[in-house]
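# Structural overview for review
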Amino acid sequence: MAMFRNGTGSPFPVGTNPVSNATADLDGDGDLDILTSNYISDNASVLLNNGAGVFVAAAPVAVGNGPREIEAGDLDGDGDIDFITSNYSGNSVSVRLNDGHGAFSSGGDVAVGNTPRGLALGDLDGDGDLDFVAANYNANTVSVMLNNGHAAFAAAAGSPFAVGTRPVAIALGDFDGDHDVDMAVTNNSNNNVSILLNNGHGSFVAAAPAATGVGPRGIASGDMDGDGDIDLVVDNFGANTISILLNNGAGVFTAAPTVLATANNPYAVTVGDLDGDGDLDIAATNSGSSSVSVFLNDGHGAFTAANGSPFAVGVSPGGVVMGDFDRDGDLDLSTANFGSNTASILINTAARYSVTATTSKTFEGTPPGAGGELVFTVHRNATSEAESVIYVMSGTATAGVDYVLPSSIVSFAVGQANAEIHIAVTADTLPEPNETVTVTLTDPAGDSTINPAPPARPARSSTTNCLTTSTATATPTSCGRTSTARPRSGR
């Protein structure tokens, strides 16, 4: 089964030639909305979410000439989400301030270098507000602009800073472990990434660049191999690949031995936990194939394509973002489709399964009763597909003697979130020490995953000739989750 499906009503119309997108709660209603920067119509589209991943357009917001990148954050410190755009033809960055309900007013345009493309928001000088950096494509520099806390920006000391030839995109992160925000910039003509290390006050020094594939464009940062430092993910437009650049912890990056093959002309990339297993996965738009490639992480920086990848979206997608658009607890995807003037929504169908012991007591012998059953409830968070999950039985009780071994598969219909496992307890009257019955989920369908178990909570009762259950108790493993019914005081 495919990991993503097209959202209801998707794709949604936006302005002309959307290049980039961002997601945030723009109207303060608790769900994630979408912004797109529209290169030809010189505006930003605002799509407001109804909470179920269906979007309605609000009034577009005028910005500068030729907006390329868009980034969202609270720029003026009033608690709502504003945005900025890099204006390629206007040599500026537009600042637009939110009224708290998803309507925006101008915060002015800030002059930067020649033909800005990439854009990133972060606290670059450590004063608690959001600054920005813009990649100036034809100037081979980045402009670092520091916020006064009220969305007024001034150049940092030493800005603009030199990078490679034709800088396109920017990722931020603490690359050298000194607790400030550094930056990485893709250089499209040099086939590498510039690494700029922060002195803590928004001034930067170049470190050794990191080699990529041909024509790097999009970039994202995150701990991809689980070693505690920040790595880089770069899509190579000219090579149809993704490079993983691994950090040694001091801001020195080396390409992982394996590159990931995408479809044609990967343009933008983002990272996040798409399958709910606790590590960072990858999504990249393929502008030449009108699709999104999704790669799932094994937790150590090795990746495999998700079921159904690449996933079709609108024509010539540029930007891609992750967010829980339908509020079901997992990350969905949205793309800005340059060639079709739309935004696509891809809803994540990969369920996360969990199991709990439901019954509190069941009788085994007479008196006080004869036989009985244990009941375990299996829950999944995503219900859009019919699926099944396999489970195994263990514990100190003996299958076929103390209880009847049930089927090893739990099946779910479309729309079904919960299913029960009923375990018939065999009746007898022989006294025995307490015993347990454990259900372990394993091998879910497709790209679905098993949630880790909650902490054990011991059963408090001890009743003659009965089996008492507690909530889920187990040590999580990479392939399963368990729930244990216990203890039994005798039979």
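Residues numbered from 1 in each chain as written. Predicted model: local features only at pLDDT ≥ 70, side-chain atom pairs only at ≥ 80, totals over all residues. Heavy atoms only, no water.

## Some words on the nonpolar core
For the record, the criterion: As used here, the term nonpolar core means buried Ala, Val, Leu, Ile, Met, Phe, Trp, Tyr and Cys residues forming a set that is joined through side-chain atoms within 4.5 Å. Buried residues are those whose accessible area, probed at 1.4 Å on protein chains only, stays under 20% of the maximum for their type, while exposed residues exceed 50% and partly exposed ones sit between those limits. A run of H or I in DSSP counts as a helix once it spans at least four residues, and a run of E counts as a strand once it spans at least two, with each numbered from the N terminus. It only takes one pair of heavy atoms within 4.5 Å for two residues to be counted as in contact.
Grouped together as the largest cluster of nonpolar side chains are 35 residues, with contacts concentrated most on L232, V294 and L333. Mapped by element, the contributors of at least two residues to this core are β17 (167-173), β19 (192-198), β23 (231-236), β27 (266-272), β29 (291-297) and β32 (317-323). For L333, the contacting residues outside a window of four places in its chain are F4, L274, A283, V292, V294, V320, V321, M322, F325, S344, I345 and L346. Counting residues in each nonpolar core, the second largest holds 23 residues, with A357, F412, V425 and V437 among its members.

## Section: the sheet that holds strand β10 (residues 92-98)
Note the cut-off: Pairing between two strands requires that DSSP report at least two bridges joining them. Here the axes come from fitting lines to C-alpha atoms, over the contacting stretch only for helices, and the angles between their N-to-C directions go from 0 to 180 degrees.
With respect to topology, 4 strands assemble into an open sheet ordered β8-β9-β10-β11, the strand pairing being antiparallel. The outermost strands of the open sheet, each flanked by one partner alone, are β8 (67-73) and β11 (104-111). Taking each pair of neighbouring strands and ignoring which way they run, the sheet shows an average axis angle of 20°. In this structure, strand β9 (residues 82-87) lies alongside β10, joined through 5 bridges in antiparallel fashion. Counted as the bridge partner of S86 is V93 from β10.

## Regarding the layout of surface pockets
How we decide: Cavity and pocket criteria rest on a 1 Å grid covering protein atoms alone: a 1.4 Å probe that fits but cannot get out defines a cavity, protein on both sides within 12 Å along at least 5 of 7 lines defines an open pocket, and an atom within 4 Å of a point defines a lining residue. Grid points are joined across faces, edges and corners, and a volume is the space filled by probe spheres set on the points. Under this grouping Gly is polar, as are all residues other than the nonpolar Ala, Val, Leu, Ile, Met, Phe, Trp, Tyr, Cys and Pro and the charged Asp, Glu, Lys and Arg.
Space inside the largest pocket adds up to approximately 810 Å³. E69, E71, I170, I219 and V269 are, among the 35 residues lining the largest pocket, the residues nearest its centre. Within the lining of the largest pocket, the residues separate by chemical class into 22 nonpolar, 8 polar and 5 charged.

## Examining unusual backbone geometry
Residues S10 and P11 are joined by a peptide bond in cis, for which omega reads 5°. With respect to the secondary-structure elements, P11 resides in the loop between β1 (4-6) and β2 (12-13). Even without glycine at this site, H179 takes up a positive phi of about 75°. Relative to the assigned elements, H179 resides in the loop between β17 and β18 (182-187). A positive phi angle is found at N341, which is not glycine, with a value near 55°. Looking at where N341 falls in the secondary structure, it is placed in the loop between β33 (332-337) and β34 (342-348). What makes N341 partly exposed here is its relative accessible area of 27%.

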